[in-house]
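Per-entry structural report
Residue strings, one per chain:
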Amino acid sequence: MDRNEVLLVGRLSAPVEEHPMPSGDTVTKWRIIVRRRRNKRGVVLSDSVPCVTFNPETAAVVRTLKPRDYLEVTGSFRCRVYGPTTGKTWRYEVEVSTAKPYEAEPAIPPTPAADADPTMLAALIPRQIPYLAPTG
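A short tour of the structure in this document, coming up. (Residues numbered from 1 in each chain as written. Predicted model: local features only at pLDDT ≥ 70, side-chain atom pairs only at ≥ 80, totals over all residues. Heavy atoms only, no water.)

So, about unusual backbone geometry. One non-glycine residue, Arg-68, lies in positive phi territory at about 80°. Counting through the fold element by element, Arg-68 comes out in the loop between helix 1 (56-63) and strand 5 (70-82). (Helix = DSSP H or I, 4+ residues; strand = E, 2+ residues; numbered from the N terminus.)

Quick look at the structure:
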C-alpha cells in the first residue's frame, strides 16, 4: 500500500509568512532546516525544506516560534505545479498536518577541573579560522 508520511525535526529558518487565498483560506509558509549526517570528509550539510499548512491550529503553533527554534512537524510530501502551459514550475513542499515545539537537549560543555593542566585548558579554547573566499 502507498504511504506519504513525513516526519521532520529541525530549526525554523525565518519568520513564518501568511498568505490569504481567494477562497478565504490562509496558507502559512515557512522553511525548516534539517541537518544531514556527516559526509565522508566530516562536513555536516543541511537541507532547507519548504513547509505549508492550511490548518489554523497548526499555523498558530508555528507562529509562536522564533527563527532558530526547534520544531517537529508531520505531514505529507506534495508537488505543486505553477505557471503557464509553456513554462511550468514544479515545487516540492511538505503539507504539514501537525507541528509542535521540540525540546532539544542542550549541549552542556564539560567543566574543566580547577587543577587541570594548562595545556588541556588551552586545547578547549576555540581557534580562529581564517576566512577563505570562494573562487571562480
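For the rest of this paragraph, the subject is the environment of Thr-89. The topology assignment puts Thr-89 in strand 6 (residues 89-101). What makes Thr-89 partly exposed here is its relative accessible area of 35%. Residues in contact with Thr-89, not counting those within four places in the same chain, are Arg-80, Val-81 and Tyr-82. (Buried < 20%, exposed > 50% of the residue type's maximum accessible area, 1.4 Å probe, protein only. Contact = heavy atoms within 4.5 Å.)

It is worth spelling out the pattern of salt bridges at this point. Scanning the entire structure with this criterion turns up seven salt bridges. A salt bridge links Arg-80 to Glu-93; the shortest N-O distance between them is 2.5 Å. One end of the pair, Arg-80, is in strand 5; the other, Glu-93, is in strand 6, with 13 residues separating them in the sequence. Assessed through its relative accessible area of 10%, Glu-93 is described here as buried. (Salt bridge = Lys/Arg side-chain N within 4 Å of Asp/Glu carboxyl O.)

Moving on to the pairing of strand 5. Put simply, side chains in a regular strand alternate between the two faces of the sheet. Summarising the sheet, strand 1 (residues 6-12) and strand 5 pair through six bridges and their orientation is antiparallel. Opposite Val-9, over in strand 5, you have Glu-72 as the bridge partner. Where strand 5 meets strand 6, 12 bridges bridge the pair, whose relative direction is antiparallel. Across the sheet, the residue bridging to Glu-72 is Lys-100, located in strand 6. Between strand 5 and strand 6, which pair antiparallel in sequence order, lie six residues; one of them, Gly-83, sits at a positive phi of approximately 100°. (Pairing = 2+ DSSP bridges.)

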